[in-house]
Amino acid sequence: MKSGLKRCRRRAPWLLFTAVCLCPVYALAGEGPFLITYTHQMEEPGNLEITTKSVTGKPADGNRFLGSALEFEYGLKAWWTTEVYLDGQITARDSTVFTGYRWENRFRVLPREHWINPVLYVEFENINGADKSLLEVVDNDGEGDLTGLNSENRAEKKREIEAKLILGSYFKGWTFAENLIAEKNVKHAPFEFGYAVGISRPLALAARPDRCNLCPENFQAGVELYGGLGTHEHFGLSDTSHYLAPTVAWTLASGPRFTVSPTFGITETSAKFLLRFAVSYELDQFGRTARRLVRNMGGGR
Amino acid sequence: MNRLKTLVLVLLLAVASWARVGTLVQQAPPKAKELSNPFDGQKRAQLAGAKLFARECAACHGPNGIGMGKAPPLNQSDVHEAVPGALFWVLRNGSMKRGMPSFAHLPEPQRWQIIVYLKTLKDR
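Keep in mind the model is a prediction, meaning the values are calculated, not measured. (Residues numbered from 1 in each chain as written. Chains lettered and ligands numbered in written order. Predicted model: local features only at pLDDT ≥ 70, side-chain atom pairs only at ≥ 80, totals over all residues. Heavy atoms only, no water.)

1. A closer look at the pairing of strand β4 (residues 96-108) of chain A
Residues and elements named next belong to chain A. Here is the rule we go by: Paired strands, as defined in this entry, are two strands with at least two bridges between them according to DSSP. Secondary structure is summarised from DSSP: a helix means a run of H or I of at least four residues, a strand means a run of E of at least two, and numbering begins at the N terminus for each.
By the bridge criterion, 11 bridges tie strand β3 (residues 80-91) to β4 in an arrangement that is antiparallel. From the neighbouring strand, Thr82 faces β4, where its bridge partner is Asn105. Count of turn residues in the β3/β4 antiparallel hairpin: four residues, of which Arg93 carries a positive phi of about 55°. Direction of pairing for β4 relative to strand β5 (residues 117-128): antiparallel, over a ladder of nine bridges. Across the sheet, Phe107 pairs through a bridge with Leu120, a residue of β5.

And the structure:
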């Protein structure tokens, strides 16, 4: 029994790799051109989307950094999507550090499509103070959080529960999304709030008949606005950071999607400029392929 | 008397839930069925639909919609004979219960293009 378990563990990475290789079919990846705002679109059951989301910037009193999050998004059910993030960052004239992980789950509430579609989001974060992936802005998060030495910032542990109410709508090709964010450190600190809103549209609504990389329907453009809203004790806009971010996504005919979003801080405490970019690829029916591989392995014994 | 009322209510609920059983296409409300396909019969739309089908649907429903695993075949008469509005309703809403995701994120013209292609699938 133990040796079987050991063998399974030994084979697990190969199984994952083989399953990825055996999933050549792709689907159009998830959240439109948004990098911060969530829409109500769920991952298709069995599909796995792999994304790297990065952000680079240079705070006024700090060194240039590159924060990255590697995201694995899997559709468990039509109403339930789960994701794991692995975060890390590089800071010039400092170091490269792994800054923690996040596990999030999204649950679609209504079975049918409506004018406004709510999705509930729950996330557990186990990251440290050196994290610079900036996947959301809450409370008074600002440029000051992007400075300091990695060795010192890493000492700060952030085990947090984050909840979001995601509202999304589609209207005549436009996507509208609104997120309300509440975050709480599990040990101390008050509830912290934030928001993100976005609007986007593909450059063409109808598809062209030929397989093409530069068809207008492969491009989506939009704009995001997001920022902090203080805490439950000091709720409001005072001393909070807010960002305005035009964003463009381009999906190649073979599947990969590239997103770029120049981000402008619009308040005193915001970082003045950040550049976000992401690459994602969706593996259709990854779950089925992986299950088949495991079954075949079991049958072979 | 109260028992009789309860019995009638239970029977009505049973009939109502039975009425909802059937293919997804059959569940489309009458208003949705009235919609007509703006791309009906257009060859370019069919080709675009085939491209979109390969990208969005084939992984579950199989190439040419022959069906795979739990995903039903789409080259059957119930799809071929369904009114376009009913198919459009299915694509928009999906079915959480059956594991069919919503494709509302696709712009409406693309969903109609997929439907043009679906209508050509019979007996492939």
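2. Here's the deal with the layout of surface pockets
We apply this condition: For cavity detection a 1 Å grid was placed over the protein atoms alone, and a set of points counts as a cavity when a 1.4 Å probe fits there but cannot get out; an open set counts as a pocket when protein lies on both sides within 12 Å along at least five of seven lines, with lining residues being those that have an atom within 4 Å of a point. Grid points are joined across faces, edges and corners, and a volume is the space filled by probe spheres set on the points.
The computed volume of the largest pocket comes to approximately 1100 Å³. For the largest pocket, the lining is made up of 42 residues, of which B:Lys70, B:Ala71, B:Arg98, B:Gly99 and B:Met100 are closest to its centre. Elements with a minimum of two residues in the lining of the largest pocket: β2 (65-77) and α3 (286-300) of chain A together with α4 (58-61), α5 (77-80), α6 (84-93) and α7 (108-118) of chain B. No other element matches β2(A), which puts four residues into the lining of the largest pocket.

3. Side note on the pairing of β5(A)
Residues and elements named next belong to chain A. Heads up, the rule is: Burial classification: accessible surface area is computed with a 1.4 Å probe over protein chains only, and a residue below 20% of its type maximum counts as buried, one above 50% as exposed, and the rest as partly exposed.
Taking burial as the measure, the 12 residues of β5 include nine buried ones, the bulk of the element. Relative to strand β6 (residues 157-171), β5 runs antiparallel, the two being bridged by 12 bridges. Within β6, the position partnered with Ile127 by the bridge is Lys158.

4. Things to note about the packing of α6(B) against α7(B)
Residue and element names in this part refer to chain B. Let me state the cut-off plainly: Angles shown run from 0 to 180 degrees and are taken between the N-to-C directions of axes, each axis being a line fitted to C-alpha atoms and, for helices, limited to the stretch in contact. Any angle that is under 35 degrees is reported as roughly parallel, and any over 145 degrees as roughly antiparallel; angles of 65 to 115 degrees are reported as roughly perpendicular and all others as oblique. Handedness of each helix crossing follows the sense of rotation of the near helix against the far helix: counterclockwise by less than a right angle gives left-handed, clockwise gives right-handed. Whether two residues are in contact is decided by their heavy atoms: any pair within 4.5 Å suffices. Basically, the charged four are Asp, Glu, Lys and Arg, the nonpolar ten are Ala, Val, Leu, Ile, Met, Phe, Trp, Tyr, Cys and Pro, and anything else, Gly included, counts as polar.
The geometry of α6 relative to α7 is characterised by a closest axis approach of 10 Å and an angle of 125° between their N-to-C directions. Classified by the angle their axes make, α6 and α7 are oblique. Classified by chirality, the crossing of α7 by α6 is right-handed. Together, Pro84, Gly85, Leu87, Phe88, Leu91 and Arg92 of α6 and Glu108, Arg111, Trp112, Ile114 and Ile115 of α7 make up the contact between the two elements. Across the contact of α6 with α7, the residue classes break down as seven nonpolar, one polar and three charged.

5. Concerning a nonpolar patch on the surface
Residue and element names in this part refer to chain A. What counts is decided by this rule: Exposure above 30% relative accessible area and the absence of a salt bridge qualify a residue for a patch, where like charges join within 9 Å and nonpolar side chains (Val, Leu, Ile, Met, Phe, Trp, Tyr) within 5 Å. The accessible surface values rely on the Shrake-Rupley method and a 1.4 Å probe; as for residues, cover is taken only from the protein chains in view. Should a side-chain nitrogen of Lys or Arg be within 4 Å of a carboxyl oxygen of Asp or Glu, the pair is scored as a salt bridge.
Residues Phe72, Val84, Leu86, Phe98, Tyr101 and Trp103 make up a contiguous nonpolar surface patch of about 540 Å² in total accessible area. Elements represented by at least two residues in the nonpolar patch include exactly β3 and β4. Looking at the nonpolar patch element by element, the count peaks at three residues for β4. Here Phe72 shows up in strand β2. Accessibility expressed as a relative area gives 30% for Phe72, which makes it partly exposed.

6. Concerning the interface of chain B and chain A
Counted only if it meets this: Here the quantity called buried area is the accessible surface, traced with a 1.4 Å probe, that two parts lose on coming together, added over both. Counting of polar contacts relies on pairs of N or O atoms within 3.5 Å, with two restrictions inside protein: one atom must be capable of donating a hydrogen and the other of accepting it, and residues adjacent in sequence are counted only when both atoms are side-chain atoms.
Contacts between chain B and chain A engage 31 residues on the former and 31 residues on the latter. Regarding the contact of chain B and chain A, the summed buried area is about 2500 Å², with carbon and sulfur atoms giving 57% of it. When the buried area of chain B at its contact with chain A is split by residue, B:Lys51, B:Arg55 and B:Met96 rank highest and sum to 28% of it. Applying the counting criterion to the chain B and chain A interface returns one salt bridge. The salt bridge partner of B:Lys51 is A:Glu217, with a shortest N-O separation of 3.1 Å. Run the count over chain B and chain A and you get 10 residue pairs in polar contact (both at pLDDT 80 or more). Mapped by element, the contributors of at least two residues to the side of chain B that touches chain A are α3 (43-56), α4, α6 and α7 of chain B. In terms of residue count, the dominant contributor to the side of chain B that touches chain A is α3(B) (eight residues). Broken down by class, the residue content of the side of chain B that touches chain A amounts to 16 nonpolar, nine polar and six charged.

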